Amino acid sequence: MATSVNDLVTCNLQCPICINVFVDPRLLSCSHTYCKDCLMRLSNSQKGRKIICPVCRKVTNVPKGNVDLLQSNQPIKSLIEDVKNQTQACTVCRGNEKPLAITYCQECDDYMCVDCHKTHDRWDKFAGHEVVKVDDINSGKVSKKKRRKCQKHKSEDEECFCVECKRFVCFRCGMMEHGKKGHNVLDGKEHEDEQKEKIGELRGRADVEKSKIDEYIVFIEEQQAKMQQVLDKLSREIEQTCEESIQQLQERRDHLIKECTRRIEVFNKELQGMKDASKLQISQMKEVSDLVENGLKMPLEGEALTAHDTLCQNLEEILGMSKRDYEQPRKTTWRGERVAFQRIRRRARGLNELDLGEVVIANWVLDQVVPFPTKDGINCIASSPNGQVAAGSRFGGLFLYDVEGKQQVVLKDVGIRGVAFLSDGRVAVRDSHNHISIYTKSFVNQGIQSEFITPSHDEGGFGGFAVDYEDSALIASFTKLKKIFVYPIRGGKPAKKISCDFKPIEVFGLRSSVILVVTEENLGILDSTGNFKKGLTRKGYRPQPAVCLDGTIAVAWVKHDEGLLMIEQYSRDLEPLRTLVADFKFQIPQHSWYHLREFSTGELAFCTPDNLYIFRKTSSVS
């Protein structure tokens, strides 16, 4: 038996778990090394991001639970490669130049060349010895039996095992050192056999328990199959119920569409009648005109002159009857626009969940008229987040009204030209000197009036005042300057100035960089360069818009000289939707200052310098 340096090195290159030469060795925090695959299996068995070292029982945290992230033991990897690349000489042959070993005897602990291997194989004394190939040892396919040499007694094998110290020792150390301490020293082979027996017993128990767990898993899978059956049954029931509900909804949908068609058809027939009458007039006019035209072809004498004179009288009568009354078809259309679909409120109790709603006649009616405390003084109005509208007086005071017309007066000493509410309840006020102030919810001045740098009244004139769509800036227009200033909420200089080729009387924030602006005759969407993207106008009427909570735009068309009001609803892109109020007569004020806003509860507030008109939406099934 002979032990080489290479054997001593190889002895320390075996993984304590698989007892083979390390494959991709990884370090734990306790400095013990194991194969990566062994650590992965160990981590899986311990169910966590921590690994308990099998040798010293210390805990190592595994980064993200991934063993691949553990530090690689590069020196061990390099040493394994070096050992694999080294050749092993025969340890049986004598002399300095020994032949290359091809086999290794586990019992003799000797490497053997070809000749020694043949001799070893012929001796009966060595019969039954386990002989393995050197190549298999170098590749890690086969592990050598561990024969550690005692550090104190170099010629002694560590063939004993100390139970208390949990380590192998040589016989002399076991008797002299560990025995004196009262340690329990066992024969190494006996301890190894006991461990193997224990391992075999535990492995047997594990196989039995694994079989029981397999049976338990099968049982769980049977229960899962039953749950799937329940799910399939419920799905079929839901699918069937859904199909029935869809059929009922489709029937209700068809009924509602037929009802709408029936109602609208009445107005279409009226309009078609007007259209047919106009076409008949054209036909009659053409026939008589063609007959009269014959009188231009030749001289008219006698009966021909009399006949054409009569035809001319007929044509004059027809021409006199061909007046086009645009109000009649408009009123018919307005009556048709009152037909509305009222969706069912799903949260209301006692209602059929499958009922979509009903077709109703929607009307906007005047709920009440509230006179302002100061005559000819109100020149601005704004909607507040708490359900009120606020009307500002140029003589001083901000008048707050709810939908019942109840009044509260604040800022009595401030002449107000513009007012706007921020989403947090604070109030921005533009006074008669064009100063801008920010007030709290309780209308206490926050003291930042001087921080808004604005042109004076003489320089800039008056104009509109609003909060932008994103509640991040204040918008103020100046009629004399023909400009729109955009101020940050914190005050200071305007962040943007937009030049216009018209007088911007009123402004509204719609979306980022988009402003709804009112001139003397029309309104439109203004882009960041000051150009109209689209405009609305109606001859003889002045527009006064309001941006509604649902994103639409309500426009009050006012004919000042006649005291006539019409309110129409448009999309955000100013596409016409419907007429809300038609031909409403109001008391004509001294100044043509008109404003329209929406209460947060949906009512519309139309404001003149003298009165507040509140319109409420009603609906009826008839």
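Below or above, wherever it landed, is the structure these notes cover. Note that this is a predicted model, so its numbers are computed, not measured.

What follows concerns the packing of aromatic side chains. Taken as a whole and judged by the stated rule, the model has 13 aromatic pairs. Ring geometry for Phe 586 and Tyr 594: centres 5.4 Å apart, planes at 70°, overall edge-to-face. When the centroid spacing of 6.0 Å and the interplanar angle of 40° are considered together, the rings of Phe 606 and Tyr 613 count as tilted. Owing to a relative accessible area of 0%, Phe 606 belongs among the buried residues under this scheme. The buried category is assigned to Tyr 613, whose relative accessible area is 4%. Members of the aromatic cluster, joined through ring pairs, are Phe 584, Phe 586, Tyr 594, Phe 606, Tyr 613 and Phe 615. A cation over an aromatic ring shows up here: Arg 417 above the ring of Phe 462, its NZ or CZ 3.8 Å from the ring centre. Positioned over the ring face of Trp 557 is Arg 538, at 5.2 Å from the centre of the ring.

Our next topic: the sheet that holds strand S23 (residues 496-499). Read across the open sheet, the 4 strands follow the order S20-S21-S22-S23; overall the sheet is antiparallel. The open sheet has two edge strands with one neighbour each: strand S20 (465-467) and S23. Sheet twist, expressed as the mean angle between neighbouring strand axes with direction ignored, is 20°.

Turning our attention to the packing of helix H7 (residues 188-293) against helix H9 (residues 327-337). Closest axis-to-axis distance for the H7/H9 pair is 9 Å, and the angle between their directions is 170°. In terms of orientation, H7 lies roughly antiparallel with respect to H9. Residue-level contacts link Ile 264, Phe 267, Glu 270, Leu 271 and Met 274 of H7 to Gln 328, Pro 329, Thr 332, Thr 333, Arg 335 and Gly 336 of H9.

Turning to the pattern of salt bridges, a few remarks are in order. For the structure shown, the criterion picks out 21 salt bridges. We note a salt bridge from Arg 203 to Asp 207, for which the minimum N-O separation is 3.7 Å. Pair noted here: Arg 203 and Asp 207 are both in helix H7, with a separation of 4 residues, about one helical turn. With a closest N to O distance of 3.0 Å, Arg 335 and Glu 270 form a salt bridge. Placement of Arg 335 in helix H9 and of Glu 270 in helix H7 is noted, with a sequence separation of 65 residues between them. When its relative accessible area of 33% is taken as the criterion, Arg 335 is described as partly exposed. The network of salt bridges with common partners includes Asp 24, Arg 26, Lys 36 and Asp 68.

Below, the discussion takes up the sheet that holds strand S9 (residues 167-169). Read across the sheet, 3 strands follow the order S9-S8-S10 without closing on themselves; strand pairing throughout is antiparallel. Pairing within the sheet leaves two strands with one partner each, and these edge strands are S9 and strand S10 (185-187). Put simply, the sheet's adjacent strands are angled 40° from each other on average, direction ignored. The sheet contact formed by strand S8 (residues 160-162) and S9 spans 3 bridges and is antiparallel. Its bridge partner lying in S9, Cys 162 is registered against Arg 167. Taken strand by strand, helix H6 (residues 171-178) contacts S8, S9 and S10, and its axis lies near 105° from that of S9. Its contacts with the sheet put H7 on S8, S9 and S10, and the angle it makes with S10 is roughly 85°.

Quick notes on the rules
Along each chain, residue indices are assigned from 1 in the same order as the chain's sequence is written. Predicted model: local features are reported for residues with pLDDT of at least 70 only, side-chain atom pairs are reported and counted for 80 or more only, and whole-chain, interface and lining totals are derived from all residues. Note that water and hydrogens are dropped before the side-chain values are worked out from all heavy atoms of the structure. Two rings from Phe, Tyr or Trp (for Trp, the six-membered ring) form a pair when their centres are within 6.5 Å of each other. A pair whose planes differ by under 30 degrees is stacked, one over 60 is edge-to-face, and the rest are tilted. Burial here depends on accessible area, computed with a 1.4 Å probe over protein chains only, as a share of the maximum for the residue type. Under 20% is buried, over 50% is exposed, and the range in between is partly exposed. Over a ring means this: the NZ of a Lys or the CZ of an Arg is within 6 Å of the ring centre and within 35 degrees of the ring normal. Here, any two strands with at least 2 DSSP bridges between them count as paired. Under the DSSP-based scheme used, a helix requires at least four consecutive residues in state H or I and a strand at least two consecutive residues in state E, with every element numbered from the N terminus. For helices, the fitted line uses only the C-alpha atoms of the stretch in contact; every axis is such a line through C-alpha atoms, and the angle between N-to-C directions lies from 0 to 180 degrees. Oblique is the label for any angle not covered by the other classes, which are roughly parallel (under 35 degrees), roughly antiparallel (over 145) and roughly perpendicular (65 to 115). Any two residues whose heavy atoms approach within 4.5 Å at even a single point are treated as in contact. Whenever Lys or Arg places a side-chain nitrogen within 4 Å of a carboxyl oxygen from Asp or Glu, that contact is recorded as a salt bridge.

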